[in-house]
Amino acid sequence: MCTSDISFTTVGADGKPVLLYRGYSIYDLVKGLFEESVYLLLEGELPDQKQLTAFSQQLKKYSRLEDPVLEHMHAYPKNVQMMDFLFTTLSYARFFDEDYHNPLWQKPHENPEQVAELIVRTGLRMGAKIPTIIAKGYRIRHGETVISPDPALDYAANFLNMIGIPPDDDAVNALNVILILYLEHTINCSTFSSLVVESSGTDPYSPLLAGAASLKGVLHGGANERVADLFEEIESPEHAEAYILRKLKNKERVSGFGHRLQLYKNRVESRVLIAEQIARPLAEKKGLGHYFEIYDIISRIMLEEKERTPNADLPICLLLKIIGIPRELNTPIFQATRHFGWVANNARQRKSNGPLYRPTQEYIGPGLEEMKSYVPLEQR
Ligand code: COA
(Lines give C-alpha, C1' and ligand atoms only; values in the text may rest on other atoms or scores of the structure.)
Protein backbone atom coordinates (compact mmCIF):
# COMPACT_ATOMS: atom_id res chain seq x y z
CA MET A 1 0.00 0.00 0.00
CA CYS A 2 1.28 3.49 -0.79
CA THR A 3 -0.21 6.98 -0.54
CA SER A 4 -0.59 9.55 -3.30
CA ASP A 5 -2.05 13.02 -3.78
CA ILE A 6 -1.43 13.01 -7.52
CA SER A 7 -4.22 11.03 -9.16
CA PHE A 8 -7.28 9.14 -8.04
CA THR A 9 -9.99 6.99 -9.62
CA THR A 10 -13.40 6.94 -8.02
CA VAL A 11 -17.09 6.66 -8.88
CA GLY A 12 -18.92 9.97 -9.42
CA ALA A 13 -22.45 10.88 -8.32
CA ASP A 14 -23.72 9.61 -11.70
CA GLY A 15 -22.35 6.13 -10.89
CA LYS A 16 -19.60 6.43 -13.51
CA PRO A 17 -15.88 6.13 -12.76
CA VAL A 18 -14.01 9.42 -12.86
CA LEU A 19 -10.28 10.15 -12.87
CA LEU A 20 -8.92 13.09 -10.87
CA TYR A 21 -5.53 14.77 -11.22
CA ARG A 22 -4.60 16.65 -8.04
CA GLY A 23 -8.31 16.90 -7.22
CA TYR A 24 -9.45 18.16 -10.66
CA SER A 25 -11.77 16.06 -12.82
CA ILE A 26 -10.40 14.79 -16.12
CA TYR A 27 -13.68 15.99 -17.71
CA ASP A 28 -12.66 19.57 -16.90
CA LEU A 29 -8.95 19.24 -17.58
CA VAL A 30 -9.49 18.15 -21.20
CA LYS A 31 -10.99 21.60 -21.85
CA GLY A 32 -7.54 23.15 -21.34
CA LEU A 33 -4.09 22.71 -22.83
CA PHE A 34 -1.93 19.65 -22.15
CA GLU A 35 0.74 22.01 -20.80
CA GLU A 36 -1.69 23.13 -18.05
CA SER A 37 -2.22 19.55 -16.87
CA VAL A 38 1.52 18.84 -16.87
CA TYR A 39 2.08 21.98 -14.78
CA LEU A 40 -0.69 20.85 -12.42
CA LEU A 41 0.93 17.47 -11.95
CA LEU A 42 4.43 18.83 -11.37
CA GLU A 43 3.59 21.96 -9.36
CA GLY A 44 0.43 20.80 -7.56
CA GLU A 45 -1.90 23.56 -8.83
CA LEU A 46 -3.16 24.86 -12.18
CA PRO A 47 -1.07 27.73 -13.60
CA ASP A 48 -2.30 31.29 -14.17
CA GLN A 49 -1.63 32.79 -17.60
CA LYS A 50 1.81 34.15 -16.68
CA GLN A 51 2.92 30.83 -15.17
CA LEU A 52 1.59 28.90 -18.17
CA THR A 53 3.45 31.15 -20.63
CA ALA A 54 6.72 30.75 -18.72
CA PHE A 55 6.21 26.97 -18.44
CA SER A 56 5.39 26.59 -22.15
CA GLN A 57 8.49 28.60 -23.02
CA GLN A 58 10.60 26.24 -20.95
CA LEU A 59 9.13 23.21 -22.75
CA LYS A 60 9.87 24.86 -26.10
CA LYS A 61 13.40 25.80 -25.09
CA TYR A 62 14.30 22.25 -24.07
CA SER A 63 12.59 20.56 -27.01
CA ARG A 64 15.72 21.10 -29.14
CA LEU A 65 18.08 18.14 -29.50
CA GLU A 66 21.81 18.64 -29.15
CA ASP A 67 23.80 17.95 -32.36
CA PRO A 68 25.53 14.79 -31.02
CA VAL A 69 22.10 13.39 -30.06
CA LEU A 70 20.79 13.94 -33.56
CA GLU A 71 23.92 12.39 -35.05
CA HIS A 72 23.46 9.40 -32.74
CA MET A 73 19.88 8.96 -33.96
CA HIS A 74 21.06 8.90 -37.58
CA ALA A 75 23.37 5.97 -36.77
CA TYR A 76 20.65 3.51 -35.60
CA PRO A 77 19.57 0.62 -37.83
CA LYS A 78 16.49 1.71 -39.78
CA ASN A 79 14.36 -1.26 -38.67
CA VAL A 80 14.44 -0.73 -34.88
CA GLN A 81 11.20 -0.37 -32.93
CA MET A 82 10.26 3.22 -32.12
CA MET A 83 10.02 2.48 -28.36
CA ASP A 84 13.63 1.25 -28.48
CA PHE A 85 14.62 4.25 -30.57
CA LEU A 86 13.11 6.55 -27.95
CA PHE A 87 14.61 4.63 -25.02
CA THR A 88 18.13 4.66 -26.47
CA THR A 89 17.99 8.31 -27.48
CA LEU A 90 16.70 9.45 -24.09
CA SER A 91 19.38 7.42 -22.37
CA TYR A 92 22.05 9.03 -24.58
CA ALA A 93 20.55 12.54 -24.36
CA ARG A 94 20.99 12.58 -20.57
CA PHE A 95 24.80 12.80 -21.05
CA PHE A 96 24.23 16.32 -22.40
CA ASP A 97 21.77 17.43 -19.72
CA GLU A 98 23.03 20.29 -17.56
CA ASP A 99 22.46 18.29 -14.33
CA TYR A 100 24.03 15.06 -15.55
CA HIS A 101 27.11 15.56 -13.35
CA ASN A 102 25.18 16.99 -10.40
CA PRO A 103 25.97 14.64 -7.47
CA LEU A 104 23.01 15.83 -5.36
CA TRP A 105 20.97 12.64 -6.00
CA GLN A 106 23.62 10.57 -4.21
CA LYS A 107 22.41 11.94 -0.86
CA PRO A 108 18.65 11.37 -1.15
CA HIS A 109 17.96 11.30 2.58
CA GLU A 110 20.05 14.32 3.44
CA ASN A 111 18.44 16.51 0.74
CA PRO A 112 14.96 15.15 -0.06
CA GLU A 113 13.49 18.53 -1.07
CA GLN A 114 16.41 19.45 -3.32
CA VAL A 115 16.55 15.99 -4.91
CA ALA A 116 12.79 16.21 -5.58
CA GLU A 117 13.39 19.54 -7.33
CA LEU A 118 16.22 17.95 -9.31
CA ILE A 119 13.86 15.15 -10.38
CA VAL A 120 11.30 17.70 -11.59
CA ARG A 121 13.68 19.92 -13.54
CA THR A 122 15.59 17.07 -15.21
CA GLY A 123 12.28 15.30 -15.93
CA LEU A 124 10.90 18.46 -17.50
CA ARG A 125 13.92 18.89 -19.77
CA MET A 126 13.98 15.23 -20.83
CA GLY A 127 10.19 15.19 -21.34
CA ALA A 128 10.36 18.31 -23.53
CA LYS A 129 12.67 16.41 -25.90
CA ILE A 130 10.44 13.35 -26.29
CA PRO A 131 8.15 14.70 -29.06
CA THR A 132 11.23 15.86 -31.00
CA ILE A 133 12.92 12.47 -30.62
CA ILE A 134 9.74 10.63 -31.69
CA ALA A 135 9.01 12.86 -34.67
CA LYS A 136 12.58 13.20 -35.93
CA GLY A 137 13.25 9.54 -35.25
CA TYR A 138 10.21 8.53 -37.26
CA ARG A 139 11.22 10.71 -40.19
CA ILE A 140 14.85 9.55 -40.09
CA ARG A 141 13.71 5.92 -40.12
CA HIS A 142 11.58 6.61 -43.17
CA GLY A 143 14.26 8.56 -45.03
CA GLU A 144 12.43 11.88 -44.73
CA THR A 145 13.87 15.29 -43.88
CA VAL A 146 13.48 16.11 -40.19
CA ILE A 147 11.28 19.01 -39.08
CA SER A 148 12.51 21.14 -36.18
CA PRO A 149 10.27 22.36 -33.33
CA ASP A 150 8.27 25.50 -34.18
CA PRO A 151 8.23 27.87 -31.18
CA ALA A 152 5.06 29.52 -32.47
CA LEU A 153 3.03 26.35 -31.90
CA ASP A 154 1.55 24.86 -28.73
CA TYR A 155 2.73 21.42 -27.59
CA ALA A 156 0.23 19.20 -29.45
CA ALA A 157 0.34 21.28 -32.65
CA ASN A 158 4.14 21.26 -32.66
CA PHE A 159 4.20 17.50 -32.08
CA LEU A 160 1.95 16.86 -35.11
CA ASN A 161 3.85 19.34 -37.25
CA MET A 162 7.19 17.66 -36.53
CA ILE A 163 5.75 14.25 -37.46
CA GLY A 164 4.53 15.78 -40.73
CA ILE A 165 0.78 15.87 -39.98
CA PRO A 166 -0.88 19.25 -40.71
CA PRO A 167 -1.86 20.69 -37.31
CA ASP A 168 -5.48 21.55 -38.14
CA ASP A 169 -7.94 22.25 -35.29
CA ASP A 170 -9.43 18.74 -35.22
CA ALA A 171 -6.07 16.98 -35.09
CA VAL A 172 -4.62 19.38 -32.51
CA ASN A 173 -7.67 19.11 -30.26
CA ALA A 174 -7.64 15.30 -30.52
CA LEU A 175 -3.94 14.97 -29.70
CA ASN A 176 -4.21 17.52 -26.88
CA VAL A 177 -6.99 15.44 -25.29
CA ILE A 178 -5.11 12.15 -25.83
CA LEU A 179 -2.04 13.57 -24.12
CA ILE A 180 -4.13 14.67 -21.12
CA LEU A 181 -5.96 11.32 -20.88
CA TYR A 182 -2.72 9.32 -20.95
CA LEU A 183 -0.83 11.63 -18.56
CA GLU A 184 -1.35 9.86 -15.25
CA HIS A 185 -3.33 6.95 -13.83
CA THR A 186 -2.57 6.08 -10.20
CA ILE A 187 0.05 3.39 -9.51
CA ASN A 188 -0.04 1.63 -12.86
CA CYS A 189 2.65 -0.82 -13.94
CA SER A 190 5.11 1.70 -15.45
CA THR A 191 4.66 4.21 -12.62
CA PHE A 192 5.26 1.44 -10.13
CA SER A 193 8.38 0.31 -12.06
CA SER A 194 9.67 3.88 -12.06
CA LEU A 195 8.98 4.29 -8.33
CA VAL A 196 10.75 1.03 -7.49
CA VAL A 197 13.89 2.17 -9.32
CA GLU A 198 13.69 5.67 -7.83
CA SER A 199 13.44 4.19 -4.33
CA SER A 200 16.98 2.84 -4.69
CA GLY A 201 18.34 6.39 -4.61
CA THR A 202 19.53 6.32 -8.21
CA ASP A 203 20.05 9.27 -10.57
CA PRO A 204 16.95 11.21 -11.74
CA TYR A 205 17.07 9.78 -15.30
CA SER A 206 17.15 6.01 -14.67
CA PRO A 207 13.63 5.67 -13.15
CA LEU A 208 12.24 7.27 -16.31
CA LEU A 209 13.96 4.65 -18.44
CA ALA A 210 12.53 1.95 -16.15
CA GLY A 211 9.06 3.41 -16.67
CA ALA A 212 9.59 3.31 -20.43
CA ALA A 213 10.77 -0.32 -20.36
CA SER A 214 7.59 -1.29 -18.54
CA LEU A 215 5.27 0.83 -20.69
CA LYS A 216 6.41 -1.03 -23.82
CA GLY A 217 4.75 -4.25 -22.61
CA VAL A 218 1.70 -5.41 -24.57
CA LEU A 219 -0.45 -5.72 -21.44
CA HIS A 220 0.28 -2.07 -20.59
CA GLY A 221 1.18 0.80 -22.99
CA GLY A 222 2.08 -1.53 -25.85
CA ALA A 223 -1.58 -2.57 -26.02
CA ASN A 224 -2.38 0.55 -28.07
CA GLU A 225 -0.28 -0.74 -30.98
CA ARG A 226 -1.98 -4.14 -30.74
CA VAL A 227 -5.34 -2.36 -30.90
CA ALA A 228 -4.21 -0.72 -34.14
CA ASP A 229 -3.38 -4.19 -35.48
CA LEU A 230 -6.81 -5.40 -34.43
CA PHE A 231 -8.56 -2.77 -36.55
CA GLU A 232 -6.23 -3.44 -39.50
CA GLU A 233 -6.80 -7.20 -39.31
CA ILE A 234 -10.60 -6.96 -38.93
CA GLU A 235 -10.68 -4.47 -41.82
CA SER A 236 -14.47 -4.32 -42.24
CA PRO A 237 -17.45 -4.62 -39.83
CA GLU A 238 -18.68 -7.90 -41.31
CA HIS A 239 -15.47 -9.66 -40.21
CA ALA A 240 -15.54 -8.29 -36.66
CA GLU A 241 -17.71 -10.84 -34.86
CA ALA A 242 -16.00 -13.94 -36.28
CA TYR A 243 -12.55 -12.41 -35.68
CA ILE A 244 -13.16 -11.78 -31.96
CA LEU A 245 -14.92 -15.10 -31.37
CA ARG A 246 -11.97 -16.88 -32.98
CA LYS A 247 -9.53 -15.04 -30.72
CA LEU A 248 -11.53 -15.93 -27.62
CA LYS A 249 -11.84 -19.54 -28.71
CA ASN A 250 -8.03 -19.64 -29.02
CA LYS A 251 -7.82 -18.16 -25.49
CA GLU A 252 -6.10 -15.03 -26.83
CA ARG A 253 -6.34 -11.68 -25.07
CA VAL A 254 -8.13 -8.97 -27.04
CA SER A 255 -6.13 -5.76 -26.62
CA GLY A 256 -8.14 -2.70 -25.66
CA PHE A 257 -10.41 -4.58 -23.22
CA GLY A 258 -10.19 -5.30 -19.51
CA HIS A 259 -8.35 -3.59 -16.70
CA ARG A 260 -6.47 -4.45 -13.51
CA LEU A 261 -8.50 -1.88 -11.55
CA GLN A 262 -11.53 -3.54 -9.94
CA LEU A 263 -13.35 -0.22 -10.28
CA TYR A 264 -13.34 -0.59 -14.07
CA LYS A 265 -14.62 -4.14 -14.21
CA ASN A 266 -17.92 -3.95 -16.09
CA ARG A 267 -17.88 -0.14 -15.93
CA VAL A 268 -16.96 2.20 -18.76
CA GLU A 269 -14.38 4.61 -17.41
CA SER A 270 -14.11 8.38 -17.95
CA ARG A 271 -11.17 8.28 -20.38
CA VAL A 272 -13.09 5.91 -22.65
CA LEU A 273 -16.18 8.17 -22.62
CA ILE A 274 -14.15 11.31 -23.35
CA ALA A 275 -12.12 9.76 -26.17
CA GLU A 276 -15.24 8.19 -27.72
CA GLN A 277 -17.07 11.50 -27.64
CA ILE A 278 -14.38 13.11 -29.78
CA ALA A 279 -13.54 10.13 -31.97
CA ARG A 280 -17.09 9.21 -33.11
CA PRO A 281 -17.98 12.50 -34.87
CA LEU A 282 -14.43 12.90 -36.17
CA ALA A 283 -14.53 9.42 -37.73
CA GLU A 284 -17.82 10.32 -39.47
CA LYS A 285 -16.43 13.64 -40.66
CA LYS A 286 -13.41 11.93 -42.19
CA GLY A 287 -15.41 9.13 -43.82
CA LEU A 288 -14.04 6.54 -41.38
CA GLY A 289 -17.36 5.65 -39.72
CA HIS A 290 -16.76 1.92 -40.32
CA TYR A 291 -14.15 1.99 -37.55
CA PHE A 292 -16.89 2.68 -35.03
CA GLU A 293 -19.10 -0.03 -36.49
CA ILE A 294 -16.21 -2.43 -35.75
CA TYR A 295 -15.72 -0.78 -32.35
CA ASP A 296 -19.36 -1.31 -31.37
CA ILE A 297 -19.47 -4.92 -32.56
CA ILE A 298 -16.31 -5.97 -30.72
CA SER A 299 -17.42 -4.10 -27.57
CA ARG A 300 -20.73 -5.95 -27.59
CA ILE A 301 -19.09 -9.35 -28.02
CA MET A 302 -16.48 -8.73 -25.31
CA LEU A 303 -19.26 -7.77 -22.89
CA GLU A 304 -21.40 -10.77 -23.80
CA GLU A 305 -18.59 -13.33 -23.86
CA LYS A 306 -16.14 -12.05 -21.24
CA GLU A 307 -17.99 -9.32 -19.33
CA ARG A 308 -15.17 -6.93 -20.21
CA THR A 309 -15.59 -3.28 -21.24
CA PRO A 310 -13.16 -1.27 -23.43
CA ASN A 311 -10.17 0.26 -21.70
CA ALA A 312 -8.75 3.66 -22.65
CA ASP A 313 -6.56 2.17 -25.38
CA LEU A 314 -9.49 1.18 -27.58
CA PRO A 315 -10.96 4.65 -28.33
CA ILE A 316 -7.61 6.46 -27.95
CA CYS A 317 -6.05 4.17 -30.52
CA LEU A 318 -8.92 4.89 -32.90
CA LEU A 319 -8.50 8.61 -32.34
CA LEU A 320 -4.78 8.35 -33.10
CA LYS A 321 -5.64 6.45 -36.27
CA ILE A 322 -8.27 8.98 -37.34
CA ILE A 323 -5.83 11.89 -37.07
CA GLY A 324 -3.25 9.98 -39.09
CA ILE A 325 -0.72 8.94 -36.43
CA PRO A 326 1.26 5.93 -37.73
CA ARG A 327 0.75 2.80 -35.58
CA GLU A 328 4.43 2.62 -34.58
CA LEU A 329 4.11 5.97 -32.77
CA ASN A 330 1.15 4.96 -30.58
CA THR A 331 3.14 3.74 -27.57
CA PRO A 332 5.88 6.41 -27.91
CA ILE A 333 3.11 9.06 -27.78
CA PHE A 334 1.81 7.38 -24.63
CA GLN A 335 5.32 7.69 -23.19
CA ALA A 336 5.57 11.36 -24.23
CA THR A 337 2.86 12.15 -21.72
CA ARG A 338 3.06 9.41 -19.02
CA HIS A 339 6.72 10.46 -18.60
CA PHE A 340 5.45 13.51 -16.67
CA GLY A 341 3.31 11.25 -14.47
CA TRP A 342 6.44 9.28 -13.57
CA VAL A 343 8.29 12.51 -12.80
CA ALA A 344 5.51 13.76 -10.49
CA ASN A 345 5.34 10.44 -8.63
CA ASN A 346 9.11 10.09 -8.30
CA ALA A 347 9.48 13.65 -6.98
CA ARG A 348 6.71 13.08 -4.45
CA GLN A 349 8.30 9.85 -3.26
CA ARG A 350 11.69 11.50 -2.84
CA LYS A 351 10.23 14.51 -1.04
CA SER A 352 8.51 12.23 1.47
CA ASN A 353 11.74 10.28 1.96
CA GLY A 354 10.12 7.06 0.76
CA PRO A 355 11.73 3.75 1.78
CA LEU A 356 13.77 1.40 -0.42
CA TYR A 357 11.20 -0.94 -2.00
CA ARG A 358 11.38 -4.58 -1.02
CA PRO A 359 8.20 -6.65 -1.08
CA THR A 360 7.84 -9.37 1.50
CA GLN A 361 7.89 -12.85 0.02
CA GLU A 362 6.39 -16.17 0.94
CA TYR A 363 9.07 -18.79 0.42
CA ILE A 364 7.70 -22.05 -1.01
CA GLY A 365 10.96 -23.92 -1.75
CA PRO A 366 12.83 -26.44 0.43
CA GLY A 367 13.75 -25.01 3.82
CA LEU A 368 15.99 -26.11 6.69
CA GLU A 369 13.96 -29.27 7.32
CA GLU A 370 14.26 -30.45 3.71
CA MET A 371 17.74 -29.02 3.23
CA LYS A 372 19.63 -30.73 0.41
CA SER A 373 23.14 -32.08 0.83
CA TYR A 374 25.72 -30.46 -1.40
CA VAL A 375 27.46 -32.81 -3.85
CA PRO A 376 30.76 -31.58 -5.33
CA LEU A 377 30.59 -30.89 -9.09
CA GLU A 378 32.76 -33.84 -10.15
CA GLN A 379 30.45 -36.26 -8.26
CA ARG A 380 27.16 -34.97 -9.71
N1 COA B 1 -9.35 -10.47 -23.75
C2 COA B 1 -9.74 -11.73 -23.49
N3 COA B 1 -9.96 -12.18 -22.26
C4 COA B 1 -9.78 -11.32 -21.25
C5 COA B 1 -9.37 -10.01 -21.44
C6 COA B 1 -9.17 -9.59 -22.76
N7 COA B 1 -8.76 -8.35 -23.03
N8 COA B 1 -9.27 -9.38 -20.26
C9 COA B 1 -9.56 -10.30 -19.33
N10 COA B 1 -9.89 -11.47 -19.94
C11 COA B 1 -10.24 -12.73 -19.32
C12 COA B 1 -9.05 -13.57 -19.04
O13 COA B 1 -8.75 -14.45 -20.05
C14 COA B 1 -9.47 -14.26 -17.81
O15 COA B 1 -10.41 -15.24 -18.18
P16 COA B 1 -10.24 -16.71 -17.66
O17 COA B 1 -10.24 -16.62 -16.16
O18 COA B 1 -11.43 -17.40 -18.25
O19 COA B 1 -8.92 -17.17 -18.24
C20 COA B 1 -10.22 -13.26 -17.04
O21 COA B 1 -10.83 -12.45 -18.07
C22 COA B 1 -9.35 -12.44 -16.14
O23 COA B 1 -9.90 -11.21 -16.04
P24 COA B 1 -9.29 -10.06 -15.16
O25 COA B 1 -8.97 -10.60 -13.81
O26 COA B 1 -10.16 -8.89 -15.28
O27 COA B 1 -8.01 -9.70 -15.98
P28 COA B 1 -6.59 -9.50 -15.43
O29 COA B 1 -6.62 -8.64 -14.22
O30 COA B 1 -5.92 -10.81 -15.34
O31 COA B 1 -5.91 -8.70 -16.62
C32 COA B 1 -5.50 -7.10 -18.21
C33 COA B 1 -6.11 -7.35 -16.86
C34 COA B 1 -5.55 -5.61 -18.52
C35 COA B 1 -4.05 -7.55 -18.20
C36 COA B 1 -6.32 -7.88 -19.25
O37 COA B 1 -7.63 -7.42 -19.25
C38 COA B 1 -5.74 -7.85 -20.64
O39 COA B 1 -4.86 -8.64 -20.95
N40 COA B 1 -6.22 -6.92 -21.50
C41 COA B 1 -5.68 -6.80 -22.84
C42 COA B 1 -4.46 -5.92 -22.87
C43 COA B 1 -4.79 -4.48 -22.67
O44 COA B 1 -5.68 -3.95 -23.31
N45 COA B 1 -4.03 -3.83 -21.81
C46 COA B 1 -4.22 -2.44 -21.50
C47 COA B 1 -4.72 -2.34 -20.10
S48 COA B 1 -5.18 -0.72 -19.68
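Use the structure listed above.
Residues numbered from 1 in each chain as written. Predicted model: local features only at pLDDT ≥ 70, side-chain atom pairs only at ≥ 80, totals over all residues. Heavy atoms only, no water.

Undergrad: Please explain the site of the ligand as it appears in this structure.
TA: Around the ligand sit 19 residues in total, of which Leu219, Val254, Gly256, Lys265 and Arg308 are the nearest. At 2.8 Å from a nitrogen atom of the ligand is found a main-chain nitrogen or oxygen belonging to Val254. Summarising the interface, the protein chains cover 71% of the accessible area of the ligand, which totals 850 Å² for the free molecule. For the ligand, the cavity whose grid points lie within 2 Å of the majority of its atoms is the largest pocket. Within the shell around the ligand, the residues separate by chemical class into six nonpolar, six polar and seven charged. (Near = heavy atom within 4 Å. Polar contact = N/O pair within 3.5 Å; in protein donor to acceptor, adjacent residues only side chain to side chain. Areas by Shrake-Rupley, 256 points an atom, 1.4 Å probe, with all protein chains shown as cover. 1 Å grid on protein atoms, 1.4 Å probe; cavity = no way out; pocket = protein on both sides within 12 Å on 5 of 7 lines; lining within 4 Å. Sits in = over half its atoms within 2 Å of the grid points. Nonpolar A, V, L, I, M, F, W, Y, C, P; charged D, E, K, R; others polar.)

Undergrad: For this particular structure, what's the right way to read the side chain of Arg350?
TA: Its location among the elements puts Arg350 in helix α16 (residues 330–351). Dropping the residues within four chain positions of it, Arg350 is found in contact with Pro108, His109, Pro112, Val115, Ala116, Ile119, Glu198 and Ser199. (Helix = DSSP H or I, 4+ residues; strand = E, 2+ residues; numbered from the N terminus. Contact = heavy atoms within 4.5 Å.)

Undergrad: What's the story with the pattern of salt bridges in this structure? I'm lost.
TA: Pairing between side chains of opposite charge can happen when the charged atoms of each approach one another. In the structure shown here, the tally under the stated rule is 24 salt bridges. Put simply, Arg327 and Asp229 hold a salt bridge, and the shortest N to O gap is 2.5 Å. Placement of Arg327 in the loop between α15 (313–322) and α16 and of Asp229 in helix α11 (residues 223–234) is noted, with a sequence separation of 98 residues between them. Residue Asp229 is classed as partly exposed on the basis of its relative accessible area, which comes to 22%. (Salt bridge = Lys/Arg side-chain N within 4 Å of Asp/Glu carboxyl O. Buried < 20%, exposed > 50% of the residue type's maximum accessible area, 1.4 Å probe, protein only.)

Undergrad: For this particular structure, what's the right way to read the layout of surface pockets?
TA: To find leftover empty space, one rolls a probe the size of a water molecule over the atoms. Approximately 1,200 Å³ is the volume found for the largest pocket. Along its surface, the largest pocket is lined by 36 residues, and Leu219, Phe257, Gly258, His259 and Arg260 are the ones closest to its centre. Residue assignment for the lining of the largest pocket shows that the elements contributing at least two residues are α9 (189–198), α11, α14 (290–306) and α16. By residue class, the composition of the lining of the largest pocket is 14 nonpolar, eleven polar and eleven charged. (Points joined across faces, edges and corners; volume = space filled by probe spheres on them.)

Undergrad: Looking at this structure, how should I read unusual backbone geometry?
TA: The phi angle of most residues is negative, glycine excepted, and most peptide bonds adopt the trans form. Its identity is not glycine, yet Glu235 carries a phi of approximately 70°, on the positive side. Tracing the sequence through the fold places Glu235 in the loop between α11 and α12 (237–249). Phi angles above zero are rare outside glycine, and Lys251 is one such case at about 60°. Residue placement: Lys251 occurs in the loop between α12 and α13 (270–285). A relative accessible area of 77% places Lys251 in the exposed class.

Undergrad: How should the environment of Gln49 be read in this particular structure?
TA: Looking at the secondary structure, you find Gln49 in helix α3 (residues 49–62). Residues Gln49 and Glu36, spaced 13 residues apart in sequence, show a C-alpha to C-alpha distance of 9.7 Å.

Undergrad: Sorry if this is basic, but what is going on with a positive patch on the surface here?
TA: On the surface, Lys251, Arg253, Lys306 and Arg308 cluster together into a positively charged patch. Assignment of secondary structure puts Arg308 in the loop between α14 and α15. A residue is classified by how much of its surface remains accessible, and Arg308, at 31% relative accessible area, is partly exposed. (Patch = residues over 30% accessible without salt bridge, like charges linked within 9 Å, V, L, I, M, F, W, Y side chains within 5 Å. Lys, Arg positive; Asp, Glu negative; His and termini not counted. Charge placed at Lys NZ, Arg CZ, Asp CG, Glu CD.)

Undergrad: Looking at this model, I keep getting lost on the pairing of strand β2 (residues 17–21). Mind explaining?
TA: When a strand is regular, its side chains alternate between the sheet's two faces. With five of five residues buried, β2 is to be regarded as a mostly interior element. Alternating residues of β2 divide into Pro17, Leu19 and Tyr21 and Val18 and Leu20, and every residue in both groups is buried. Across five bridges, the pairing between strand β1 (residues 7–11) and β2 is antiparallel. Looking at β2, one finds that Val11 is bridged to Pro17. Counting the residues between successive antiparallel strands, the hairpin from β1 to β2 contains five residues, one of them, Gly15, with a positive phi of roughly 85°. Here β2 runs beside strand β3 (residues 24–25); their pairing, made up of two bridges, is antiparallel. Paired with Tyr21 across the strands is Tyr24, a residue of β3. (Pairing = 2+ DSSP bridges.)

Undergrad: What is the right way to look at helix α2 (residues 34–43) in this model?
TA: The periodicity of an α-helix, 3.6 residues per turn, causes residues three or four positions apart to be oriented the same way. The buried fraction of α2 is high, at eight of ten residues. Where α2 is concerned, the buried positions are Phe34, Glu35, Ser37, Val38, Tyr39, Leu40, Leu41 and Leu42.

Undergrad: What is the right way to read the packing of α9 against helix α10 (residues 206–215) from this model?
TA: How two helices pack is summed up by the angle between their axes together with the distance between the axes. Put simply, α9 and α10 touch, their axes get as near as 8 Å, and they point 150° apart. The orientation of α9 relative to α10 falls into the category roughly antiparallel. The two elements α9 and α10 meet at a crossing, and its hand is right-handed. Packed against α9, whose contacting residues are Cys189, Ser190, Ser193, Ser194, Val197 and Glu198, the element α10 presents Ser206, Pro207, Leu208, Ala210, Gly211, Ser214 and Leu215 at the interface. The residue inventory of the contact of α9 with α10, partitioned by class, reads six nonpolar, six polar and one charged. (Axes fitted to C-alpha atoms, helices over the stretch in contact; angles between N-to-C directions. Parallel < 35°, antiparallel > 145°, perpendicular 65-115°, else oblique. Left-handed = near helix turned anticlockwise from the far one by under 90°.)

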